[in-house]
Amino acid sequence: MIASAMIGLIAGIDNLGNGLAIAALLFTGPLAAGLGAGVGVVLLSAAILALLVALRSTQPNSVALVQETGVAILASTVATMAAGLEDAPEEVRIATAFAILGGSTLVTGLLFWMVGRLRLGRLVRFIPYPVVAGFLAGSGWLLVEGALAMVSGRHGLGTGIAGLAAPMVAVTAAAAVGLAGLLVLVMRRSASPFTMPLVLLTAALAFHAGLLLLGVTAEQARGWGWLPGVDGGGGFSLPVPTEVLALADWGRLAAALPAMVSVAVLGMLGLLLNVSGIELAQGRDIDADAELRGTGAANLLAGALGGPSGYVGLGMTLLAGRMGATGRGAGLATAAVILGGLFVAGWLVSVTPVFLTAGLILFLGVELLQEWLIEARRRLPRTEWLIVLAVVLAIAGIGFMEGLALGLAVSLAMFVYSYSRLPVIRGRHSGADLRSRVDRSPAASLHLTGAGAAIEAMQLQGYLFFGTAEQIVGPVRDRLERAGGQAGGDAGAQRLRFLIIDFRHIKGMDSAAAGVFRRIRNLIEAAGATLVLSALPQAVEDAFRNCGLDPDRDPVLRRAPDLDHALESCEEALLAEGDGASGGAGPAGGADAPLLRHLEAMTGPHPRLADAVAALDTLHLEPDEVLIRAGEAASDVFIIGRGRVKVQIALPDGRSLRLRTMTAGAVVGEIALLLGQTRGADVVVETPATIHRLTAATLARLEREDPELALVLHRILATTLAQKVTLANRLIEQAAV
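Here is a short report on the structure shown in this document. (Residues numbered from 1 in each chain as written. Predicted model: local features only at pLDDT ≥ 70, side-chain atom pairs only at ≥ 80, totals over all residues. Heavy atoms only, no water.)

## Considerations on the pattern of salt bridges
Then, number 1: Applying the stated criterion across every chain, the model contains 29 salt bridges.
Then, number 2: When the shortest N-O distance is used, the salt bridge between Glu-456 and Arg-428 registers 3.2 Å. Residue Glu-456 is found in strand E5 (residues 455-464), and its partner Arg-428 is found in strand E3 (residues 425-430); the two are separated by 28 residues along the sequence.
Then, number 3: Using a relative accessible area of 36% as the deciding quantity, one classes Arg-428 as partly exposed.
Then, number 4: A salt bridge links Arg-644 to Glu-686; the nearest nitrogen and oxygen atoms lie 3.5 Å apart. Here Arg-644, found in the loop between strand E11 (636-642) and strand E12 (645-650), pairs with Glu-686, found in the loop between strand E15 (682-685) and strand E16 (689-695); they are 42 residues apart in sequence, far enough to count as distant.
Then, number 5: By sharing partners, the salt bridges in this structure join Arg-437, Asp-564, Glu-568, Glu-572, Arg-644, Arg-658 and Glu-686 into a single network. (Salt bridge = Lys/Arg side-chain N within 4 Å of Asp/Glu carboxyl O. Helix = DSSP H or I, 4+ residues; strand = E, 2+ residues; numbered from the N terminus. Buried < 20%, exposed > 50% of the residue type's maximum accessible area, 1.4 Å probe, protein only.)

Structure (structure tokens):
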């Protein structure tokens, strides 16, 4: 309770001082007559925020404050409104100012509540950091301009500086600058929460002591602009909502709506940043959406009374935790102190020097500029800091909304530029190096080593849009030029027959990128080649069809379910042109001549190869018959004489995953046999096949009775294993690139 009372006293006094400064910032110059009611409504809003947030926050010791960042934007908006209603009655200008202030808080509360209700609190963090920093630094500049307006009574940088020519105004300005400088100095050296209230109290007492020593009356000081032009009173006043609604200029209120929305968005960012800071400092999770809903309800009530917006204060909440205030008493005590201050608000307004409120506003503005513009130069890369600077300059020279638009536009342009430099091509391989998972005969493999260069496989990644898709056109054009078909090309290069573009790692694509692929399709058609689209996502296919590309009907296009099947189909086409190099069909019947040729290509000529073939059993199998079943003991090795088989495993969901396909000349099952292991996968026949089997019993018998023939068979198995190891190493190298 003691800790909560201390926090309430500190935060309450801080709110009283800030409330006076905020009201003076808003109601100055032609709006000075509304200062008394402005102080009352600011303090009442602060009390409401502190009370309701304390009662509803998921962080019990939260202390909510009226935040001056959004008020800086509203001060500029209110000043513009007052200048536009220069000929209107004073009460109309003041009522419109309260309508803008309260309307902004209502918009803020509604936005907080809706975002929290929809549980979208974390989405707002996607706003670029340099833009947020620029907004905060720009708010600091607006506070500096507001302090100048408070001193000179004129809004606008040029007119405000011109007003400093008056001697009394110059004295007030010098005192405000001196106070701001003193606050900067002492706040850098002291972390005590009592420092600022003591400095402000001392400055106020010194001012009134100086008036007594100089023999200057309060009326004279008001005439010189050293004190506010309002009479002292013991109570406080508030705007009457019905009068505000009746007198406000709704056209000016509508014109201020963009500024209200920007205040709401900036407030939401501030709330979420503070919540994140409290989470990090106190080591516990806070429901950001619940905080948005609770703070939104508090702002809706404050806005209905015409007051400014606010949310949980990071510094005061952390201070409450350090002082041991863990319950809701800290916020409740803060509200009580502010409500007590309301009863002397009129007197506080009348005796608070103008230089004091102006100096405090100037200090807050300088602090924002120091943290988010000057110190940000050390934290941010140069390009991001330049965005911050551009936003501040736009806010200072054009307007807040223009600065907002500029910051978002520049950030978007920088994002597009940076993202467009990320590599969208994951890998490029020639078909001579990258092969499908099909084990072929040595003759077919040798043929693909030479002819495979006619295949080019390009694997893409990321998101394809107008900034990244252009990276694909250049390599395609270069590959076509290397074929010697164009001027300057390499006449010795293999002509491109198939371009495979793999979309497996593509997350999406826009219409501009689809147009780029139309250009690629035209290049491929002109070269007499085929474009194979592998692992085409539905979103990419839809984008293709929208721009006139039909993967199913266009003769230049072909689709494949994945890169492996795409490579396989292209290899089959090249082997079909290789005059029997595929070795896939072989002669009809059970003749052993094709198998003998495969073995000679694998191991070289040997006088015992025919005997080795004769030692094998011959099987004739139909499609879907199981040659090897996973989990069985390995007791034989198979050599494909004719046809195709596939190696597959069963997935947990019941589907089958193809690991490899084997054609004539391939050996299957040797690893499990030689290592004495059980079968690791199923081998299923795909096409009518003639398969030769070497049993473990036959191999053991030959090792005893005919070691030379057994050695020939072991050489066949060893050669097969060496080829598979070489292929595995090549796949690893390609994956590491």
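So much for the structure itself; the text now carries on.
## A closer look at helix H13 (residues 288-304)
Then, number 1: Counted at 1.5 Å a residue, the expected span for H13 with its 17 residues is 24 Å, and the 24 Å between its end C-alpha atoms agrees.
Then, number 2: For H13, the tally of buried residues reaches 12 of 17 residues, placing the bulk of the element in the interior.
Then, number 3: Within H13, burial applies to Ala-288, Asp-289, Ala-290, Glu-291, Leu-292, Gly-294, Thr-295, Gly-296, Ala-298, Asn-299, Ala-302 and Gly-303.
Then, number 4: You can read the cap of H13 off the contacts: a side-chain oxygen lies 3.1 Å from the backbone nitrogen of Asp-289, and it is on Asp-287.
Then, number 5: Immediately downstream of H13, the backbone of Gly-306 shows phi near 90°, a positive value. (Expected span 1.5 Å × (residues − 1). Polar contact = N/O pair within 3.5 Å; in protein donor to acceptor, adjacent residues only side chain to side chain.)

## Side note on the nonpolar core
Then, number 1: Residues Leu-26, Val-39, Ile-100, Leu-179, Leu-183 and Leu-360 are the most contacted members of the largest nonpolar core, which totals 103 residues.
Then, number 2: Residues in contact with Leu-26, not counting those within four places in the same chain, are Leu-31, Val-71, Leu-74, Ala-75, Val-78 and Leu-101.
Then, number 3: Leu-460, Leu-499, Ala-529 and Val-540 belong to the second-largest nonpolar core, a separate cluster that totals 32 residues. (Core = buried A, V, L, I, M, F, W, Y, C linked by side-chain atoms within 4.5 Å. Contact = heavy atoms within 4.5 Å.)

## A word on the layout of surface pockets
Then, number 1: The volume enclosed by the second largest pocket comes to roughly 880 Å³.
Then, number 2: In terms of lining residues, the second largest pocket is bounded by 39 residues, among which Asp-439, Arg-660, Met-662, Lys-724 and Leu-727 are the most central.
Then, number 3: Counting residues per element, the ones that place at least two in the lining of the second largest pocket are strand E4 (438-439), helix H21 (442-451), helix H26 (593-603), E12, strand E13 (656-662), strand E14 (667-668), helix H28 (670-675) and helix H30 (707-736).
Then, number 4: For the lining of the second largest pocket, the leading source of residues is H30, giving 6 residues.
Then, number 5: Per-class residue counts for the lining of the second largest pocket are 18 nonpolar, 12 polar and 9 charged. (1 Å grid on protein atoms, 1.4 Å probe; cavity = no way out; pocket = protein on both sides within 12 Å on 5 of 7 lines; lining within 4 Å. Points joined across faces, edges and corners; volume = space filled by probe spheres on them. Nonpolar A, V, L, I, M, F, W, Y, C, P; charged D, E, K, R; others polar.)

## Concerning the sheet that holds strand E10 (residues 626-628)
The strands making up a sheet associate through hydrogen bonds between their backbones, and the pairing can be parallel or antiparallel.
Then, number 1: The strand order across the open sheet formed by 5 strands is E4-E13-E12-E15-E10, and the pairing between neighbours is mixed. Where the open sheet ends on each side, the last strands, each with one partner, are E4 and E10.
Then, number 2: Where E12 and E15 come together, 4 bridges link them in antiparallel fashion. Within the sheet, the bridge partner assigned to Gln-648 lies in E15 and is Asp-682. (Pairing = 2+ DSSP bridges.)

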